[in-house]
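A structural walkthrough
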Amino acid sequence: MAYEPDPAHGAWQETLQVLRLGDDLHAELVRRQQLARGAENPVRLPVYRLNSLLRATAPGVLATGRNAGADGQLPWLYASEAVPQEVLAPVLGTWAAELAGLDEGDDEELEDELLAAPGAAAVSLPSWETECVDFTETVVSAGGTAEPLRRLYNLLPEAIAFRLADSPYRTRGAVLHFRVVSSAKGVELVSWPPQQYERRGRTWYYSACLTITVQTVPFTPRFRVHIAIGVRRWATHLEVTPRELSGATVLLDAPLPWSEEQERGHRIAENVLGFDRRAKQLVWRRRSPALLLPELDIIRKYPEPDELFEAPEKWLLGQRGLAAGILYHPALGPHEVGSGLMPRERSQLDAWVEERLRPMLRRVGDLGRVTRHNTPSLLPRSVKATEPDTREAQKAMLRRTALARALDGRSLDVEIVWQTPQTRDALLDALPAVLGLPPGSGVATDDSRQWQADGIRLRVRTRPAGELAQPLPISRDRKRRRAVRLAEAITGRCALLADSVGPLSAHVGVVIAEIAGKGRFAVAADSDPKHALRLAWARQGRLAQFITQADDDTAALEHRAKWTWLDAFRQLGAISPPAHRVGTGIPGDLQYAALWLVRYTRKGPTRCPVRRIVAVRMRPDNDAGAIEGWDAERAEWVPYPQLLLALADASTEANNSGYGDQGIEQQWQAEAERQIRAILFQLRERPTLLLASAANFRQCWPRLRNGALIRDELGFGTGPDQRVAVYGPDLRIVLVRDANGRGEVADWYACDSSGKVGFAEGVWASDVPDNRVFASITSRPHTAAGVSKELMKLVPTTECRTAPGRTAWNPALLEMTVLGCLSEQALADSGRSGATADRPAEWATLAHQLRYHDDYPPLARPLPLHLARLAGEYVLPLATDEDETAQTRPPRL
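Below is a summary of the structure that appears in this document.

Reading the values: rules and limits
- Residues numbered from 1 in each chain as written.
- Predicted model: local features only at pLDDT ≥ 70, side-chain atom pairs only at ≥ 80, totals over all residues.
- Heavy atoms only, no water.
- Helix = DSSP H or I, 4+ residues; strand = E, 2+ residues; numbered from the N terminus.
- Buried < 20%, exposed > 50% of the residue type's maximum accessible area, 1.4 Å probe, protein only.
- Contact = heavy atoms within 4.5 Å.
- Areas by Shrake-Rupley, 256 points an atom, 1.4 Å probe, with all protein chains shown as cover.
- Pairing = 2+ DSSP bridges.
- Axes fitted to C-alpha atoms, helices over the stretch in contact; angles between N-to-C directions.
- Phe/Tyr/Trp six-rings, centres within 6.5 Å; stacked < 30°, edge-to-face > 60°.
- Lys NZ or Arg CZ within 6 Å of the ring centre and 35° of its normal.
- Parallel < 35°, antiparallel > 145°, perpendicular 65-115°, else oblique.
- Nonpolar A, V, L, I, M, F, W, Y, C, P; charged D, E, K, R; others polar.
- Core = buried A, V, L, I, M, F, W, Y, C linked by side-chain atoms within 4.5 Å.

What about the overall build of the protein?
- Helix and strand counts for the protein come out as 20 helices and 39 strands.
- Scored against the burial criterion, the 893 residues of the protein give a buried share of 54%.
- By sequence separation, contacts in the protein at least 24 residues apart represent 72% of the contacts at least 6 residues apart.
- In the structure as shown, the protein presents an accessible area of about 39600 Å², 48% of it carried by carbon and sulfur atoms.

In structure tokens:
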């Protein structure tokens, strides 16, 4: 579901009106802001709310430009027609008065100045300029990747959204009209008014939602437009108190303030509603245009935050010529409308989009299957009726083998720290089943139970959690930073745990702790003890796995207990990828390596920013220990459990990443790239498949950006690109990319010549020469297999009126780019012309097969990358009062 400029049509050009703030007006607005805030240095104008206000109130405004708040000469507004000064001046005056903290009425003075003739006042509105904008203007990189001009990432989605909103979507006798929602996250089309679904004596509301983004694909000569299709649900039955509402998105549908005919245009304004702890009431957040609309429109009465909270359904249906809807979030309570749309309905919406975008854009060519070897050598799913437990017994045997290899002759001590007897008993009962031991087996003593089988020596002890699992006592001294107060509470919990455990053991130690669900800790922010306990046990040399408190569902508890043991074994490194089924083109002594960047901002688990590189290596043919991690302090590979403990140990030091400081950012990036090169050097001795997430890792390795990629070459810093073989003669590199919350990969559905639609597992690719980009799609889990692919939710059929209540799950597409391999050109450049060249499709297939494992549903990423990402759970930096002065120090990795 992706589109590209159609060469047969040529350039898509539109004549637009463009407005710049201009140096004089920009300087005057900055001066007023500095006077109000007491700032002396030049500041960037916070134009976000002004832009939102203009989009909501100014007819003809198509989009807002980037960085106009920092430079008055940059384009600020793009419009299909010039916005009259009589409209623009009041909006700008109202915003500027609020920005400068002026009293009511003071904005009229600035408004009069803006409306004055040029030269008659100190400042005036600049004039609109006519500009021919090419919506398909492209620059092709040295690697062959087409990149649109930077402004098109904002401008083109808006233009497409308005083009689609001009024409309603008709299906099965129903008509859906769409409204444009613009925000910092992108551009959406939402069907309005919402659809209704009657269930359990209530009416539930939902809309179709189309998200539009502009993207690039490596080595592709035209950029892409992705259209993601889903469902937006509306919250009309709130099961939270105002104090629990930290931030809910509200879409406001209001007529244009200047229109005498209730004209609304195509836009609907995004706002944020939340509880202000200082004012002790619900308020509109600072960037919400609803704060300023009443100043511009004195005729209509806009909803107050508490009014909307008390009667969300009434306002969704419309009051006094206005309508406002609260977007649903699970934290607001249950919703009877399921998420997502199934392939048939998605394909019909997609066909409507395709028709509306012609002739400027065309659909990207369909993908074809690359291989029939979709999965590695998994255990057979079908078993004989007379041997129903054969597969489970084989899986248990594989787990025992992996655990024995990970322990390498050492004993394993497990401590179950419980709050409810049901959870304790479920964990004890699940262990023999997971390892294939006889039920009720094990030698019981006063405080433990022991097992010994197939080289495994295992002892399990239990004890009540007591105070350890209680909420963290966070200081309320708001004069001190939140991160410092949280660090003190975590340190206190670590001390409490240290006093309650015995001396360190030479055995491998794992703790399984039962803690309450997130709901219990929602009232007091940061009071969840999970991260504190993980850090505390790591300081004692023990790994930690958590299970939430049991409910009344016995079957669910048994299932969760099993998964808790599997996750604990995963932390021990007791997991190996199944043998691949790619073919003889893959070396027999291949090792897998994965890189992941742990990146926390001040919203991270300990409210302390940090960035740290995690490297994991897997050697499937190594019986001594298949999974290892790179310990940067010791400069060596260590067993995976030691890596986790080392990450936790390093995290106890103050670590400030210097976000926003350009000099420190450059130092950090240089150090990150130095460490990456050091890791690559440690992988040279044998064939290696290196896996990295492009969306994750380009934050510390900018040369992984699509426009910087060149086949079979790597680049660091500002230096020249070098052959991949320089970093390892048998090194292959596969970059994976998911949607990343920004639509970076396209939605999809499968279809055949008969018009049948559905899903399709496997590896897919475009039929182009020297293709390096592939699509990895896994099977649906069994929990999502019961929903018909023909399900229609937006306009349910008479045969399935309950369709809106079904959850539609679609397998996500994972893009795989074979950046480096031993291609014919790479071999020739390395002086190895006689060697057999790689087939990129085989390496993409291998990375795809690494997403499968007998114990797990298909993984979101290949197994080595999955393990590297989960290792980040142990990166838990603690802030100190000294962190305020740490900005001048380059951060540790």
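A look at the sheet that holds strand β4 (residues 75-79)
- Strand order in the open sheet formed by 4 strands is β3-β4-β2-β5, and the pairing between neighbours is antiparallel. Edge positions in the sheet fall to β3 (61-64) and β5 (129-134), since each has one partner strand and no second. On average, each strand axis in the sheet is inclined to that of its neighbour by 40 degrees, with strand direction left out of account.
- Taken together, the 4 bridges between strand β2 (residues 13-20) and β4 define a ladder with antiparallel strand orientation. Bridging from a neighbouring strand, Leu-19 pairs with Leu-77 of β4.
- On the sheet, helix α5 (residues 152-165) packs against β2, β3, β4 and β5 and is oriented at approximately 155 degrees with respect to β3.

A word on the packing of aromatic side chains
- Taken as a whole, this structure holds 11 aromatic pairs when the rule is applied.
- Note on Trp-565 and Phe-569: the rings are 6.1 Å apart at their centroids and 40 degrees apart in plane angle, and the pair reads as tilted. On the criterion of helical spacing, the pair formed by Trp-565 and Phe-569 is a turn pair, its members being 4 residues apart in helix α14 (residues 554-571). As far as burial versus exposure is concerned, Trp-565 and Phe-569 are alike and both buried.
- Here Arg-534 stacks its cationic end above the ring of Tyr-874, 5.0 Å away from the centre of that ring.
- Between Arg-677 and the ring centre of Phe-716, over which it is positioned, the NZ or CZ distance is 5.1 Å.

Some points on the packing of α5 against helix α9 (residues 343-357)
- Orientation of α5 relative to α9, taken along the N-to-C sense of each, is 105 degrees, at an axis distance of 10 Å. Considering the angle they form, α5 stands roughly perpendicular to α9. Taken together, the residues of α9 that come into contact with α5 (itself represented by Ile-160, Arg-163 and Leu-164) are Trp-352, Val-353, Arg-356 and Leu-357.
- A breakdown of the residues in the contact of α5 with α9 according to their chemical character gives 5 nonpolar, no polar and 2 charged.

Quick look at the nonpolar core
- Trp-537 and Trp-565 are the most contacted members of the largest nonpolar core, which has 105 residues in total.
- Ranked by residues supplied to this core, first place goes to helix α11 (residues 421-435) with 7 residues.
- Residues in contact with Trp-565, not counting those within four places in the same chain, are Val-414, Ile-416, Leu-427, Ala-430, Leu-431, Val-434, Val-460 and Ile-512.
- In terms of nonpolar packing, the next biggest core, distinct from the first, is built from 51 residues, Leu-21, Val-47, Leu-53 and Leu-245 among them.

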